[in-house]
Structures are given as structure tokens and as C-alpha cells.
Amino acid sequence: NNKGQTLPRKRPKIDIFNGNVNHPGEFIFIYILVSVFFLGMTIPVFIMSMPTKAEDLTYKTITFDRYIIEKEEDSADDLCLYAGDMEYRINSYEDYLKNKDHFFAHCDGKNAFEVGVTSGETCYHIKTLATANGIPYFTLEEINRAEQKNMIPFYLIMGVFLLLWF
């Protein structure tokens, strides 16, 4: 049949699943797709949780005329402060606002505060707060430390998922 010529050897097909999966390409594609989706969800959250730098803040002297504590069922309460129509927010304020009673007593429209803020979609987020005399209620370092501490459960969940997935 082959007229005395040797037939070329056919290389064995590489099958990492040993024939247990009919279409290994699809299986690997789905695995890679889920991994890319996972990384796509993790990277923005990681970027958003980066510590705020002092040069990213806008510093203002503000007199707050009223405040509202927004009760959250599944997370810490937020403090909304108002200077006229402008809203300023302290997320999870109980984690780092020192001397709350003193602060609330001075949110009467008469006492000025020094704040460092970042702008959000609907309000300013307070990252530093002090009296007009410079006595701090909380600092940027305390805010950054608390925000990083609040991200630990997310990082643990993602780490466990990574270990189980890979």
C-alpha cells in the first residue's frame, strides 16, 4: 500500500482531561472567562479602596446648621451634615468620630469647622474634621485606616474564592 515508504508518525493528541471531557476547548474557555470576570470585579473595588491622599482633598471652613443620622440595617450608620443646601457625609461615622456629643452640640449654625472633603455624586464626603481652632475630631489617617479595615472581609472572600477556583 505505501510502496515501501514508512508512514509518518502521527503525534499523539494532548488531552489534559484524559478523554473525560468531550470538548476540552470549551471547558478551558469557560474557566478563563470566569477568571477574567472575577478579576474584572476585583480590580475596580481594589482601586476604589485605595487610601485618600491629603493632596486629593479640598479644604473648607464650614458652619453646619443641622445633621441627620441615616440608620442602616446591614452596615454602620452615616452622618449627613448640612450647610445650607449642601450636604456633607461621614460614612460609618461611629467608627472614628471622637467626642460625638460635643460635635453634635456645635452643629447649630454658629460654630465653624475645618473640613477636608472629596466630592461625590450627590454630596461631599468628609475625610478630615476639626474645630476652627484646629482640634481634630478625626484625621485622614484614621479615616484611611478605618476604610481599609472595612475592606478586610471583602479581601478575605476574594482570597478564598481565588484559592478554591485555582
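Structure first, text after, so check above.
Just so it is clear, the structure is predicted and the values come from calculations on it, not from any experiment. (Residues numbered from 1 in each chain as written. Predicted model: local features only at pLDDT ≥ 70, side-chain atom pairs only at ≥ 80, totals over all residues. Heavy atoms only, no water.)

Colleague: Before we go on, may I ask you to explain the nonpolar core in this structure?
Modeller: Side chains that are nonpolar tend, in soluble globular proteins, to be buried together. Of all hydrophobic cores here, the largest spans 21 residues; its most connected members are F64, L81, I90, F103, I126, L129 and F138. When contributions to this core are tallied by element, the ones reaching two or more residues are β3 (78-83), β4 (86-90), α2 (100-105), β5 (112-119), β6 (124-131), β7 (136-138) and α3 (140-165). With three residues, β5 is the largest single contributor of residues to this core. In this structure, F103 is in contact with F64, L79, L81, L97, F113, L129 and Y137, ignoring residues within four places of it in sequence. (Core = buried A, V, L, I, M, F, W, Y, C linked by side-chain atoms within 4.5 Å. Buried < 20%, exposed > 50% of the residue type's maximum accessible area, 1.4 Å probe, protein only. Helix = DSSP H or I, 4+ residues; strand = E, 2+ residues; numbered from the N terminus. Contact = heavy atoms within 4.5 Å.)

Colleague: Just checking my understanding: could you explain the pairing of β3 for this structure?
Modeller: Each regular strand displays side chains that alternate between the two surfaces of the sheet. In terms of burial, β3 is largely enclosed, as five of its six residues are buried. Here strand β2 (residues 66-70) runs beside β3; their pairing, made up of five bridges, is antiparallel. Counterpart to Y67 in the pairing with β3 is L81. (Pairing = 2+ DSSP bridges.)

Colleague: Sorry if this is basic, but what is going on with unusual backbone geometry here?
Modeller: Excluding glycine, a negative phi dihedral is what most residues carry, and trans is how most peptide bonds are arranged. For S92, which is not glycine, the phi torsion reads 50° and is therefore positive. The phi torsion at N99 lies on the positive side, around 55°, for a residue other than glycine. Positionally, N99 belongs in the loop between β4 and α2.

Colleague: Just checking my understanding: could you explain the environment of E94 for this structure?
Modeller: Here E94 lies in the loop between β4 and α2. The exposure class of E94 is partly exposed, given its relative accessible area of 44%. Residues E94 and A76, spaced 18 residues apart in sequence, show a C-alpha to C-alpha distance of 7.6 Å.

Colleague: Teacher, can you tell me more about a nonpolar patch on the surface here?
Modeller: Among the surface-exposed residues, I14, I16, F27, I28, I32 and V36 lie close enough to one another that they form a single nonpolar patch of about 630 Å² accessible area. Counting through the fold element by element, F27 comes out in helix α1 (residues 24-48). (Patch = residues over 30% accessible without salt bridge, like charges linked within 9 Å, V, L, I, M, F, W, Y side chains within 5 Å. Areas by Shrake-Rupley, 256 points an atom, 1.4 Å probe, with all protein chains shown as cover. Salt bridge = Lys/Arg side-chain N within 4 Å of Asp/Glu carboxyl O.)

Colleague: So what exactly am I meant to see when it comes to α3 here?
Modeller: Residues three or four positions apart in an α-helix share a direction because the helix packs 3.6 residues into each turn. Under the 1.5 Å per step criterion, the end-to-end length of α3 is 37 Å for 26 residues, consistent within 8% with the ideal 38 Å. At I152, α3 is bent by approximately 35°, the largest bend along its length, and proline P153 sits one to four residues beyond. If you check which residues of α3 are buried, you get L140, E142, I143, N144, A146, M151 and M158. The inward-facing, buried residues of α3 abut α1, β6 and β7. (Expected span 1.5 Å × (residues − 1). Bend = angle between axes of the 7 residues up to and from the residue.)

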